[in-house]
Amino acid sequence: MRLEYIHSARAIVGGTLAAHFAPAAPIAPSAWAAEFAVLPDGEYAGEKIDLRRTPHIVEPLDMLGPDAPVNEIAVMKSGQTAFTTMLLCAIGHSIDRDPCDMVVVQPTDVALRKFNSIKLGRMIELTAPLRDKVYPQSSRSAAGSTTYEKRFPRGSLSLLLASSPANLRMLTAKKALCDEVDEYEDDLDGQGDPLSLVARGQKSFKASGTWKRAYVSTPVIQDASKIEEKHAAGDQRRWHVDCPHCKERIVLEWNAPYDPTTHGLKFKKTFPHQAYYVARCCGGVIESAQKVAVYRTGRWVATAPGPGKYPSYHFDELSAPFSTWDGIAADYVAAGNDPAKLKTFWNLTLGLPFNVAVDAPDYELLMQRREDYPPEVIPPGALLVNVSADVQMRGIYVEVVAFAPDQQSWTIFADYLDGSTTEVDAGAFAELTKLYEREWPDTNGRKFRADEFLIDSGYRTDVVYEWTRRHPGTRATKGDDGWSKVPLGIATDQDIDYRGRKIKGGAKLRLMGTWPLKSKFYTYAALMPIADGAGLTFPPGFCHFGRFLDENYFKQITSEYLEDGAFRGRKRKTWKQRPHRDNHFLDCRVGNIAGAHAYFTSFKADDWAARAIARGVSAEELPVEAPAPAANAGEQKSYFEQLASLNKGL
Ligand SMILES: [Zn+2]
């Protein structure tokens, strides 16, 4: 028996079809969910799912049922969009009504454990037909479930890690649910990318045409995003709502937030943001209070239909029923022009990949912008001093950068330490040790050791390891290619004894995501001071360069550019070095930004204020206003503005 596939979300949700079926009869996943599924977490934890609250997940959910004539779907989404619930309902339906071998692939161990214990495990416990069918873990027979493999009559569900090629190569599954695919590696130790391995594991179901594969993810980086690519290959459905004024179908879009003459979300830059929406069709205003009602009028419409295209979906917080437009406005204002925060906003709020590919500014332009501040002195407003070193066959390049809480930076020292680099206590390394021990004065003569000291271990690796072992607080790093790499990875032990155990006090290495860091640096280096009536102010992230820095320094820090390339069959921009240009000072700067990253992501205004006091910064140098609580972006900005005005005195 083949149940006719029902397109209208409301027909399923509002209907009572499910009640009339015998228990094992075919039933669309959304109808099954409405009848049986109990939510494992969130506001309605422990309650039966009410799909009228989230009608946008009904259609993609039903695409994963056996009666939908599609094999693949792709969902490119922001945060707060209930697509994890969609995956859970698809799994539940399949266990109960369409048993087969399934896999769920998660990018990390943490994500996998969270999905298993907080989401899936709880839903199985709470949902009667699943509780009855999934074999308990305690059972010692071969049929029993394990932590990461749920067994049930005529099928199984394996939870797999995208980073484990061994697991992925062994899988055989009719249905594969690939979650947060943008966090998957591009390549698993030369064994291909995880999505190809998943596809290979579904090959035996190709002939019957019954296989299903879902890609669900928040996108991360433009031109490197797997979900962006999968979404673009599909028919690109958007949630079309009824304009309450003229009834035309529109998609809620992010557009020129401060220009009320265009369509899109509009709001004030300061709190309260009083966000509202201007409809593209008739210019009518949709108030915040109407958001949920307008959302509920929505339905999916393909914006790029075509033969052979699978359904792909894009959904964001502008439409999502759980987020408010004022909240979106607040997030955007708080992001300011910080590329890292804007990236988060773009990814998590708009569900769009962020363009991090920013080319180097012209070196002559940066040279012209040099300022008259003293070298080797921490300027007023800076509360962090980082040193970064790049070791060569002969000699070590070193850069010292002071940072303010708003990420303004000052290069206070840049030099080449000439000498051999083969010994840890002689030649250039002896000079580096002097820098390690050095104290850097501020303009009031107080002196501070460097807060972070990073040294690239790509060359003379063993000497670098030994040097970092001998100099507490220093970190050995190694560049890690790729757009999705974190600025500074966790430390991994490099010294292992003959039994494979780590040696206490041994060398540690941190991988450094140099690609996005270079983009961040070039974004900041391109910032210009803002001229107002009183003089110049510097935007957050502004890079100050002293008159003492020479042409060679500027040529090196701007030595790389982006080139279109391909990686394992996918297009990808990569950094290339300009001909006849060294890039050592660029590597140093990347290290300095990597070392500062944790401060800028974890310190609140209060933490910076405490640090200023701990450093004995005098009352005149402190902001007059008390630092704002962390959540209040508006006040925090004025704190930063005060720092900027302090810096004007330079
Ligand atoms: Zn209208």
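Residues numbered from 1 in each chain as written. Predicted model: local features only at pLDDT ≥ 70, side-chain atom pairs only at ≥ 80, totals over all residues.

*Asks:* Give me the sheet that holds strand S14 (residues 384-391): which residues, what numbers.
*Replies:* Two modes of strand pairing occur in sheets, parallel and antiparallel, and in both the strands are linked by backbone hydrogen bonds. Sheet architecture is open: eight strands sit in the order S21-S22-S20-S19-S14-S15-S16-S25, paired in mixed fashion. Lying at the two open borders of the sheet, with one neighbouring strand each, are strand S21 (492-493) and strand S25 (543-544). The pairing of S14 with strand S19 (residues 452-456) spans five bridges and is parallel. Paired with Ala-389 across the two strands is Ile-455, which belongs to S19. Contacting S14, strand S15 (394-403), strand S16 (409-420), S19, strand S20 (474-479) and strand S22 (508-512), helix H18 (residues 584-602) crosses the sheet at an angle of about 140° to S14. (Pairing = 2+ DSSP bridges. Helix = DSSP H or I, 4+ residues; strand = E, 2+ residues; numbered from the N terminus. Contact = placed C-beta atoms within 7 Å. Axes fitted to C-alpha atoms, helices over the stretch in contact; angles between N-to-C directions.)

*Asks:* Just give me the short version of the confidence of the model for the protein, but keep the residues and values in it.
*Replies:* When the pLDDT values of the protein are averaged, the result is 88; 89% of them are 70 or greater. For the stretch residues 1-23, pLDDT sits under 50, and the model shows 33 contacts to residues farther than four places along the chain or on other chains. In this model residues 623-650 is a low-confidence stretch, pLDDT under 50, and it forms 49 contacts with partners more than four residues away in sequence or in other chains. (pLDDT = per-residue confidence, 0-100.)

*Asks:* Explain unusual backbone geometry to me, using residue names and the numbers behind them.
*Replies:* Note that the residue after Phe-271, namely Pro-272, is joined by a cis bond; omega there is -5°. Checked against the element boundaries, Pro-272 lands in the loop between strand S9 (264-266) and strand S10 (276-278). Phi at Gln-80 is positive, roughly 60°, even though this residue is not glycine. Checked against the element boundaries, Gln-80 lands in the loop between strand S1 (72-77) and helix H4 (83-97). A positive phi angle, close to 70°, is found at Lys-247, a residue other than glycine. Checked against the element boundaries, Lys-247 lands in the loop between strand S7 (237-242) and strand S8 (249-251).

*Asks:* Tell me about the packing of helix H16 (residues 514-525) against H18, residues and numbers included.
*Replies:* Contact pair H16 / H18: the axes reach a minimum separation of 9 Å and the direction vectors enclose 95°. The pairing of H16 with H18 is recorded here as roughly perpendicular in orientation. On the side of H16, the interface is formed by Thr-514, Leu-517, Lys-518, Lys-520 and Phe-521, while H18 contributes Arg-589, Val-590, Ile-593 and Ala-594. For the contact of H16 with H18, a count of residues per class yields five nonpolar, one polar and three charged. (Parallel < 35°, antiparallel > 145°, perpendicular 65-115°, else oblique. Nonpolar A, V, L, I, M, F, W, Y, C, P; charged D, E, K, R; others polar.)

*Asks:* Describe the environment of Val-220, listing the residues and the values that go with them.
*Replies:* By the element assignment, Val-220 lies in the loop between strand S6 (212-217) and helix H9 (226-233). With 126 residues separating them in the primary sequence, Val-220 and Trp-346 have C-alpha atoms 8.5 Å apart. Val-220 has contacts with Asp-182, Ser-225, Asn-347, Pro-353 and Ser-484, leaving out every residue within four places of it along the chain.

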